[in-house]
Amino acid sequence: TLAKRRMCPLGWLGLASLCLGTLWAVPAKERRKVEKPKAELTLYENLDLDNYELPVDNYGDILDLSNYEELYDYGDLVPKIEVGTLAPLPKDPKTLPELGETTAGTPKPPAPSGAGPAPPAPIPGQGDCLSTPALPCCLLCLCLGSSVYCDDAELERIPALPPHTEYLYGRFNRIGAVRTRDFAGLEKLKRIDLSSNSISWVDADAFRLLPGLQELLLAQNLLRALPELPRGLRRLDARRNRIPSAGLRPEAFRDLKQLQFLHLSDNQLDFIPVPLPESLRSLHLQNNNIRTMHEDTFCDSQEQGQIRRALEDIRLDGNPINLSLFPNAFFCLPRLPTGRFS
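Reading guide: rules and limits
- Residues numbered from 1 in each chain as written.
- Predicted model: local features only at pLDDT ≥ 70, side-chain atom pairs only at ≥ 80, totals over all residues.
- Heavy atoms only, no water.
- UniProt positions renumbered as here; feature names shortened; annotations may be inferred.
- Phe/Tyr/Trp six-rings, centres within 6.5 Å; stacked < 30°, edge-to-face > 60°.
- Helix = DSSP H or I, 4+ residues; strand = E, 2+ residues; numbered from the N terminus.
- Buried < 20%, exposed > 50% of the residue type's maximum accessible area, 1.4 Å probe, protein only.

Under the annotation held in an unreviewed UniProt entry, the protein carries the name OPT protein and is attributed to Copsychus sechellarum. The UniProt entry for the protein carries this comment under Sequence similarities (unreviewed entry): "Belongs to the small leucine-rich proteoglycan (SLRP) family. SLRP class III subfamily."

Q: Can you lay out the packing of aromatic side chains for me, pointing to particular residues and giving the numbers?
A: Evaluation of the coordinates by the stated rule reveals 3 aromatic pairs. For the pair phenylalanine 183 and phenylalanine 207, a centre-to-centre distance of 5.8 Å together with 35° between the ring planes defines the contact as tilted. Of this pair, phenylalanine 183 sits in the loop between strand S4 (177-178) and strand S5 (191-193) while phenylalanine 207 sits in the loop between strand S6 (201-202) and strand S7 (215-217), placing them 24 residues apart in sequence. Relative accessible area serves as the criterion here: at 2%, phenylalanine 183 is assigned to the buried category. Ring geometry for phenylalanine 330 against phenylalanine 341: centres 6.2 Å apart, planes inclined by 90°, an arrangement best described as edge-to-face. With phenylalanine 330 in the segment after strand S11 (313-315) and phenylalanine 341 in the segment after S11, this residue pair connects regions lying 11 residues apart in the sequence. Look at phenylalanine 330 and you get buried, because its relative accessible area is 6%. Given a relative accessible area of 33%, phenylalanine 341 falls into the partly exposed group.

Printed below as a string of structure tokens:
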């Protein structure tokens, strides 16, 4: 009986060992199969599918980009050409000549030297005007025959012009100065219109060397002086500037035997520029600071029978002068000047 009691603990110990051995005898793979579903469920519960992004590396495997361009309709992107806009470039780049061969007066820029980044290459369509007969248009402006239209083109200087240019329209830009070289060799120029710019300086010979120039329009600029003018000029419009009497050369208009229209209104003049050519028909000096005039301003006081029939439009309104104080100054005129007479 004592021997049996000693064997019972040993029997229970062996039975427990057998059970543990059986449990650990299950393969590890079987244990992982039991635990895996629980882990995967936990993973998907925490996954935010709304913010899921496809990696860039996998785009090519999912999207077929080979036929993407065929599905897009480019018909709405065909450029529309309007009158007064920039001239279109040729579709074939080979038909566009080199700028160095076709640009009048503008050499190719030299190659950059020294340290620092190289300047950006010129963009096609932003060069100067072309003068070759093969391309009768400009790159910056619109050339039609002998006329060049550069209105509202954001210009800061006069572009190189074709040598046959007769009419230049460069209004509503940001041109700040006019140099003699800008019109060098353009002997056929008849009309220059640079109204509504920011011109504050003009070289003395910028216009004087143009024998065919008939009309010069410089209205609404920042001029403080007038340059020398060609003798064949017929119309000068320099209204709405800042020109004082000191900004006019002595007897600036005496030799302009063909001048018919002289408009200098809205400036800072304090006297009427004399002598005025006999050809003059219209003189606009309103809104200046003119206070007095000489008896020989318009008429020859020594010749009482003189009649100056051409000069029939004189505007002196907006000046502090009292015209009734100078009756002998305009006795030869067909019409009285416009202004204050009391």
